[in-house]
Amino acid sequence: MNRKRGADEPVTELDPRFSSPDATPPAWTDVVAAMQAAEIFWLSTVRRDGRPHVTPLPAMWLDGALHFCTGQGEQKANNLEHDEHCILTTGTDRFRSGMDVVVEGRAERVTDLSLLEPLAAMWREKLDWQFEAVEGGFRDASDPSDASDPADGGGERRIAMVFAVRPDKVLAFSKGEPFSQTRYRFTRTGP
């Protein structure tokens, strides 16, 4: 994955059908702040047979993309191998307060250590998960089986794959008066 600094500025569209008459779209910076503050997202992927799969997981916003990790062989990893399209959702369980955010995009594997290192630091700082950036993804430094050398009869070295989802579209649902539904669309330049 090519590392890009910052996000492209989105085209912002308030949907008046689902917004209060006096609603205005939330600033993109407010939507980013909501994603940065969130500890849990719901990742939606599609199985090979077309059935949906949804699972909660942490995700980190960095350089215009949401990043998450998964173990090889987990259902979400298998699904992404087949179809990289996915949705990450976060928000509140309240009707009259907060903001729900839905991010649509394609999951792209992250293997560049210059990106994995700050991401591992974010997991440590925000969630106290002791990830280390290694070739291919994250290693759990707190897992004693990971610290052992398989050649010495120790545990198998497990690497969590890291993915980035650069948004194609983001929906923000502001709850409470005024209610609003806003779409942020992205046009990409370059690779």
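The following paragraphs examine the structure supplied in this document. (Residues numbered from 1 in each chain as written. Predicted model: local features only at pLDDT ≥ 70, side-chain atom pairs only at ≥ 80, totals over all residues. Heavy atoms only, no water.)

1. Some words on the pattern of salt bridges
Then step 1. Scanning the entire structure with this criterion turns up 11 salt bridges.
Then step 2. Glu-74 is paired through a salt bridge with Lys-76; the nearest N and O atoms lie 2.6 Å apart.
Then step 3. Its salt-bridge partner being Asp-93, residue Arg-94 comes within 3.7 Å of it at the nearest N-O pair. For the pair shown, Arg-94 and Asp-93 are each scored as exposed.
Then step 4. Linked through salt bridges whose partners overlap, the residues forming this network are Glu-13, Arg-183 and Arg-185. (Salt bridge = Lys/Arg side-chain N within 4 Å of Asp/Glu carboxyl O. Buried < 20%, exposed > 50% of the residue type's maximum accessible area, 1.4 Å probe, protein only.)

2. A word on helix H3 (residues 113–127)
Then step 1. With 15 residues, H3 should reach 21 Å at 1.5 Å per residue; the first-to-last C-alpha distance of 20 Å fits that figure.
Then step 2. Restricting attention to buried positions, one finds in H3 the residues Leu-115, Leu-116, Leu-119, Ala-120, Ala-121 and Trp-123.
Then step 3. On its buried face, H3 sits against strand S4 (60–62), strand S5 (65–71), strand S7 (99–110), strand S8 (131–134), strand S9 (137–140) and strand S10 (160–174).
Then step 4. Backbone geometry just downstream of H3 places Asp-128 in the positive-phi region, at approximately 60°. (Helix = DSSP H or I, 4+ residues; strand = E, 2+ residues; numbered from the N terminus. Expected span 1.5 Å × (residues − 1). Contact = heavy atoms within 4.5 Å.)

All quantities given are derived from atomic positions and should not be read as evidence of function.
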